[in-house]
Amino acid sequence: MPPPQAPIPTTKPDKFYFFYGHRKPSQNRPTVRGGLFSNRQTLNPKPKPKTTTPYQPFDIHKWDPHFLPNNTNPNPNPNSNSHSPDTSFSISQRLSPIARFIIDAFRKNQYKWGPTVVTELNKLRRVTPNLVAEVLKVQTNPTLASRFFHWAGKQNGYNHNFGSYNAFAYCLNRHNRFRAADQLPELMDSQGKPPSEKQFEILIRMHSDANRGLRVYHVYDKMKKKFGVKPRVFLYNRVMDALVKTGHLDLALSVYGDFREDGLVEEAVTFMILIKGFCKGGRIDEMLEILGRMRENLCKPDVFAYTALVKMLVGNGNLDGCLRIWEEMKRDRVEADVMAYATMIIGLCKGGRVEEGYELFKELKNKGHLIDRAIYGSLVEAFVAVKKVGSAFDLLKDLVNSGYRADLGIYNSLIEGLCNSNKVEKAYKLLQVAIREDLEPDFLSVKPLLVSYAEANQMEEFCKLLEQMKKLGFPVIEDLSKFFSLFVERKGPITALEAFTHLKAKGYISVEIYNILMDSLQKIDEMKKAILLLDEINGSNLKPDSFTYSIAILCLVDLGEIQEACVCHNKIIEMSCIPSVAAYSCLAKGLCKIGEIDAAMMLVRDCLGNVTSGPMEFKYSLTVIHACKSNDAEKVIDVLNEMMQQGCPPGNVVCSAIISGMCKHGTIEEARKVFSNLRERKFLTESETIVYDELLIDHMKKKTADLVLSGLKFFGLESKLKSKGFKLLPS
């Protein structure tokens, strides 16, 4: 007979696990909400009516607390450095649940420390040092991290460990608060946790990676003198290397002195750091002394170390030091590789010592090494620079015989060398060779030929070359602009203008070329020729640009045609462009000379409102007008004194500003006091003082007439005066 079975229960008893819901809160286990289980609901023990709901796929946005419907703004503070929702979610997956709760408490309070954050954190029984370190590793707000770090330290029975201190240091440095991070050793010492060498190493590494050499020395000095921590050889090397890289060789040598006083033994890295420092500072004799000590006490440098030294000295232009290093390498019987030879040869060629570089080239060739094409290119360029084109072609033949193909840089150097030697036909043939080899020549290839044809007045050959350039796809007009910029510097604007005359008939014209020629003519005071070029532009299909009109303003003001210059200024404004600062200054001075003071002052304001760095005279002109509001000559003179202390003597514009300001805000007597002061101090001649006095009277009459006319118009008396036969003149 089978044993009796227990009765089957009607309902299954409820089981509450952490997976199904929150644990029952107690004094030692408060409820933890947030993180992975923040959206889960505790199962209700009472049975619920079964309802059929359609199946919905899992949506990550409905699970992440940053995307909840009641919290659509995950980061309401745009200025804070908090994480974005995507970043917070990815970080939260790597954190423990309690760490996620702390991060979530920060987020709920907009990443600002306050009583609400403290209330949330007090729900936890205790925050451990490892938990503090975990939170600080992902914290992006240094102020919030600092408040949280100090709050955690105030817990009963709590002591920070090295991990939390280090995480706090990394957090501060990550957000450029390295000065605060440097105070952590003092904080550790005050809290009964004296810093070890590891803490100082972290700070030194941070400063070293950011190239803050003086900060590295500050931390090292604090470690040695204040805390008495003795660095290891590795940390000494780190400190010296950081100081050498940032150019503080003397401080690095003082650290090396401490190194020897501590009785430590140099490693190969120690010697190489000092050797590099001496090479960088150009102190070759001291470098050789350290190299000898390294050779005697430890080992000889290898070929890689010697190559690094040569490269450093080449970068500093110390070729004599390079040769001495090369002799030391031979003395140590270190076999130089191709990289060492290439570094040395290229450095000597760039320094103009091509003969010594060529000797090393022959030495390398005799050893049977595979020579890089860059070595050939540097030697060819150097031989062309010293006008030894024959030697350069010998290298080209050797290059081809070695199985290489010459690059475009080598051809460009040889073409330039042939043109400089007046062998233009050979240079043209060499250009055709480069074209046949599909090297796609550029402007540097044809520039020497264009210059040679223009200097020899062979404009037919010049135009033939331009036609070939057009067939090869050259931007001919742009290249001609580059050519004329170079040709004006070499031969002057008159010769360049003659060459351009031949090209105009062929249609090779552009506004850029006209601008180059006009600018060069204006600089040599050929104003009329520059204006003739402007007339040519207006008579062609080209449209002048703002630079064209700016040059024309300079020329027209110099010729005394102020009205025409104003027309050019207006055309620039119609183009929605801005004149050059020189055009502003020149036109303002021209307007002041003809008594158009109001227009000049308006131009001054327009200039300062449109350009970033206007003339100093313009800035002080507005200051003078402002000082005139007090109707006190002494205040205006104080402004002029400050202006002269800045190295800007009072000119035409400033004197016109005195007239404008005093006629508008002051009196004629105060203006005359200012001009008398300038006359006594010999900033104005007697004739200039008389001219400015006449301008002052005329401008005051204009202002008075304008004021009377405005009053008549305001009171409606203008029509009555006209009916009686009075005629009002326009202001």
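A.B. asks: Tell me about the overall build of the protein chain, and please be specific about residues and values.
C.D. replies: Each helix and strand counted, the protein chain has 39 helices and zero strands in total. In the protein chain, buried positions account for 45% of the 731 residues. Contacts in the protein chain between residues far apart in sequence, at least 24 positions, make up 62% of those at least 6 positions apart. Within the structure as shown, the protein chain displays about 40600 Å² of accessible surface, and the carbon and sulfur contribution to it stands at 52%.

A.B. asks: Describe in detail the packing of helix α3 (residues 97–108) against helix α5 (residues 129–138), supporting the description with residues and values.
C.D. replies: Axis separation between α3 and α5 bottoms out at 10 Å; the angle between their running directions is 50°. Relative to α5, the element α3 is oriented oblique. Helix-helix and strand crossings are classified by hand; for α3 and α5 the assignment is right-handed. Side by side, α3 and α5 meet where I98, A99, I102, I103 and F106 of the first sit next to L131, E134, V135 and V138 of the second. Residue composition of the contact of α3 with α5, by class: eight nonpolar, no polar and one charged.

A.B. asks: Could you give an account of helix α34 (residues 616–627), with specific residues and numbers?
C.D. replies: In this model α34 runs 17 Å from its N-terminal to its C-terminal C-alpha over twelve residues, within 8% of the 16 Å that 1.5 Å per residue would give. Listing the buried residues of α34 in full gives E617, F618, Y620, S621, V624, I625 and A627.

A.B. asks: So what about the side chain of S520? Which residues, and what values?
C.D. replies: Topologically, S520 is positioned in helix α28 (residues 511–523). For S520, the side chain forms a polar contact with the main-chain oxygen of L517, separated by 2.8 Å. Each residue touching S520, except ones within four places of it in the same chain, is listed here: V488 and P493.

A.B. asks: Which residues make up the pattern of salt bridges, and what are the values?
C.D. replies: For the coordinates displayed, the defined rule picks out 30 salt bridges. One salt bridge connects R238 with D209, and the closest N-O pair in it is separated by 3.4 Å. Taken together, the positions of R238 in helix α12 (residues 233–245) and D209 in helix α10 (residues 197–209) put the pair 29 residues apart, joining distant regions of the chain. Residue R238 is classed as partly exposed on the basis of its relative accessible area, which comes to 22%. Three or more residues joined by partner-sharing salt bridges are found here, namely E197, E201, R205 and R232.

A.B. asks: Would you mind going over the nonpolar core in detail, with residue names and values included?
C.D. replies: Counting 218 residues, the largest nonpolar core has I102, F148, F462, F483 and L640 as its most contacted members. Beyond its immediate stretch of four places on either side in the chain, I102 contacts L121, L124, V127, L131, V135 and F148.

A.B. asks: Please give an account of the state of the cysteines that cites residues and values.
C.D. replies: Counted according to the given criterion, the structure contains zero disulfides. C568 supplies the cysteine sulfur nearest to C566, a cysteine that is in no disulfide, at a spacing of 9.3 Å.

A.B. asks: So what's going on with the packing of aromatic side chains? Which residues, and what values?
C.D. replies: Under the counting rule described, the total for this entry stands at 22 aromatic pairs. Taken together, the aromatic side chains of F462, F483, F484, F487, F500 and Y514 make up a single cluster linked through ring pairs. Over the aromatic face of F162 sits the side chain of K193, whose NZ or CZ is 4.9 Å from the ring centroid. One residue, R212, lies across the ring of F178, its end atom 3.9 Å from the ring centre.

A.B. asks: Pulling in residues and values, what's your account of unusual backbone geometry?
C.D. replies: Despite not being glycine, N422 shows a phi value in the positive range, around 60°. Mapped onto the elements of the fold, N422 is located in the loop between α22 (408–420) and α23 (424–436). Its identity as a non-glycine residue notwithstanding, D438 has a phi of 60°, on the positive side. Along the chain, the position of D438 falls in the loop between α23 and α24 (443–455). Owing to a relative accessible area of 64%, D438 belongs among the exposed residues under this scheme.

Here is what the cut-offs are and how they apply
As a convention, each chain's residues are numbered from 1 in the sequence order in which they are written. Since the coordinates come from a predicted model, pLDDT governs what is reported: local features require at least 70, and pairs of side-chain atoms require 80 or more to be given and counted, while whole-chain, interface and lining totals use all residues. Neither water nor hydrogens contribute to the side-chain values; these are computed over all heavy atoms in the structure. Where helices and strands are cited, they refer to DSSP runs of H or I of at least four residues and of E of at least two residues respectively, numbered from the N terminus. Think of it in three bands: with a 1.4 Å probe and only protein chains considered, a residue is buried below 20% of the maximum accessible area for its type, exposed above 50%, and partly exposed in between. Residue contacts are defined here by distance: any two heavy atoms, one from each residue, within 4.5 Å place the two residues in contact. Computed by Shrake-Rupley with a 1.4 Å probe, the accessible areas treat only the displayed protein chains as cover when residues are assessed. Comment: axis = line fitted to C-alpha atoms, over the contacting stretch for helices; angle = value between 0 and 180 degrees taken between N-to-C directions. By definition in this entry, angles of less than 35 degrees are roughly parallel, angles greater than 145 are roughly antiparallel, angles of 65 to 115 are roughly perpendicular, and the rest are oblique. Crossing handedness is defined as follows: a turn of the near helix away from the far one that is anticlockwise and smaller than a right angle gives a left-handed crossing, while the clockwise case is right-handed. Gly counts as polar in this scheme, as do all residues outside two lists: the nonpolar Ala, Val, Leu, Ile, Met, Phe, Trp, Tyr, Cys and Pro, and the charged Asp, Glu, Lys and Arg. A helix's residues, less one, multiplied by 1.5 Å, set its expected span. N or O atoms within 3.5 Å of each other form a polar contact, as long as, within protein, one can give a hydrogen and the other can take it, and as long as residues adjacent in sequence are counted only when both atoms are side-chain atoms. Within this document, salt bridges are pairs made up of a side-chain nitrogen of Lys or Arg and a carboxyl oxygen of Asp or Glu, the two lying within 4 Å of each other. Put simply, buried Ala, Val, Leu, Ile, Met, Phe, Trp, Tyr and Cys residues joined by side-chain atoms within 4.5 Å make one nonpolar core. What counts as a disulfide here is a pair of cysteine sulfur atoms lying within 2.5 Å. The aromatic pairing rule takes the rings of Phe, Tyr and Trp, using the six-membered ring of Trp, and pairs them if the centres are within 6.5 Å, calling planes under 30 degrees apart stacked, those over 60 edge-to-face and the rest tilted. Charge over a ring is defined by NZ of Lys or CZ of Arg lying within 6 Å of the ring centre and within 35 degrees of the ring normal.

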